[in-house]
Amino acid sequence: MSDPTRPAPTSLSPEVPTVMAPVLPPGPLAEFWRGFSANRGALVALVVFTLLALAALLAPWIAPHDPVRQYRDAMLTPPLWMDGGQARFLLGTDELGRDLLSRLLHGARVSLGIGLASVVLSLIPGVLLGLLAAFHQRLLAPVVMRLMDVMLALPGLLLAICVITVLGPGLMNTVIAIAIGSLPEYVRLTRAAALAELGKDYVTASRVAGASTWRLMFSTVLPNCLAPLIVNASLSFSAAILEAAGLGFLGLGVQAPMAEWGTMLSSARDYIVRAPWVVTLPGLAILVSVLSVNLMGDGLRDALDPRLKRVS
């Protein structure tokens, strides 16, 4: 029986305080992915666009047929799941007996390639002109911005048609025409973003340290202007796909027999009642690609715009 007046035994070893490890802030990539993945639609669009890009890259190896080969004994064959479909033509054939699946895969190479090339060709000179206009506001800004205002007076597709009329139809001319139409957006956006950065302390410190104008433009100011440019590039990518399809539908873009989604729509419009799959499938390809790029653009905006970032 224990004595109540006797003190309770104590532990022989003193209690060691627990030291908590410091919590490190997430890196830039982790923070970007957290903001991007918060948008579920952008995640789904990323998966869809990745599959489209892989299909376009691997089109020469995964396409079941030559996209320009004509099977005269199987013209306007319906898809496999419809009456009269054939296993060798999973999505059917067009009015000339060409396999639609093969043409859609090779058309993805052309349409996505036009979008990417036009974005690059408009982004690089647009950024350069925008930075020059921001750093030389008295000498170059009036000339550059008035020229951009004149170009903005015409809608993008109409301006592309004017350029195609001068240069002639074709793949490269289509890229150039779409790039010229997208140029004013990058110039105005870059100039506005650069002007917002020029008055900040880090730019003033770089000037005092003796940094040259070119170093200030490309090493100091431009990295802090990339977020809106990236978002605008993603939206311009989808707009370029639509413009390429529109030019192809009008017969001013990529010329036959090269497979391109807009050209496929143009050649199949007379068979919309007799063979609706010939028109529906290229239209769905354009819809899915443009929608996925736009949703990814929304995710990029959520991840890169500090005003839209969620406080954790």
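As a reminder, the structure under discussion sits directly above these lines.
Remember, predicted model here, so these are calculated numbers, not experimental data.

Caption draft 1: Broad picture of the nonpolar core. Formed by 44 residues in total, the largest nonpolar core has its most connected members in L104, L131, F135, V221, F237 and W261. Breaking this core down by element, the ones donating at least two residues are α2 (40-57), α4 (100-135), α7 (171-198), α9 (213-221), α10 (226-249), α11 (261-268) and α12 (277-304). The dominant element in this core, judged by the number of residues it contributes, is α4, at 10 residues. Leave out the neighbours within four places in its chain, and V221 touches F135, A194, E197, L198, Y202, V203 and L216. Core analysis: the next-biggest nonpolar cluster, separate from the first, contains 12 residues, I114, V163, A177 and A240 among them.

Caption draft 2: Summary view of empty space enclosed by the protein. Per the stated rule, a full pass over the model turns up one cavity of 30 Å³ or more. Estimated volume of the largest cavity: approximately 50 Å³. Around the largest cavity, the lining residues are D94, E95, R98, L100, R103, M264, S267, A268, V278 and P282. Counting only elements with at least two residues in the lining of the largest cavity, the list comes to α4, α11 and α12. The greatest single-element share of the lining of the largest cavity, amounting to three residues, is contributed by α11.

Caption draft 3: Representation of the packing of aromatic side chains. Applying the stated criterion to the full structure yields four aromatic pairs. With a centroid separation of 5.9 Å and 25° between ring planes, the pair formed by W33 and F36 is classed as stacked. Here F36 and W33 lie together in helix α1 (residues 28-37), a separation of three residues that amounts to about one turn. According to the relative accessible area criterion, W33 is partly exposed, its value standing at 45%. Here F36 falls in the buried class, since its relative accessible area comes to 4%. Note on Y71 and F89: the rings are 5.2 Å apart at their centroids and 65° apart in plane angle, and the pair reads as edge-to-face. Here F89 lies in the loop between α3 (59-62) and α4 and Y71 lies in the loop between α3 and α4, a separation of 18 residues in the sequence. Of the two residues, Y71 and F89, both sit in the buried class.

Conventions and cut-offs
- Residues numbered from 1 in each chain as written.
- Predicted model: local features only at pLDDT ≥ 70, side-chain atom pairs only at ≥ 80, totals over all residues.
- Heavy atoms only, no water.
- Core = buried A, V, L, I, M, F, W, Y, C linked by side-chain atoms within 4.5 Å.
- Buried < 20%, exposed > 50% of the residue type's maximum accessible area, 1.4 Å probe, protein only.
- Helix = DSSP H or I, 4+ residues; strand = E, 2+ residues; numbered from the N terminus.
- Contact = heavy atoms within 4.5 Å.
- 1 Å grid on protein atoms, 1.4 Å probe; cavity = no way out; pocket = protein on both sides within 12 Å on 5 of 7 lines; lining within 4 Å.
- Points joined across faces, edges and corners; volume = space filled by probe spheres on them.
- Phe/Tyr/Trp six-rings, centres within 6.5 Å; stacked < 30°, edge-to-face > 60°.

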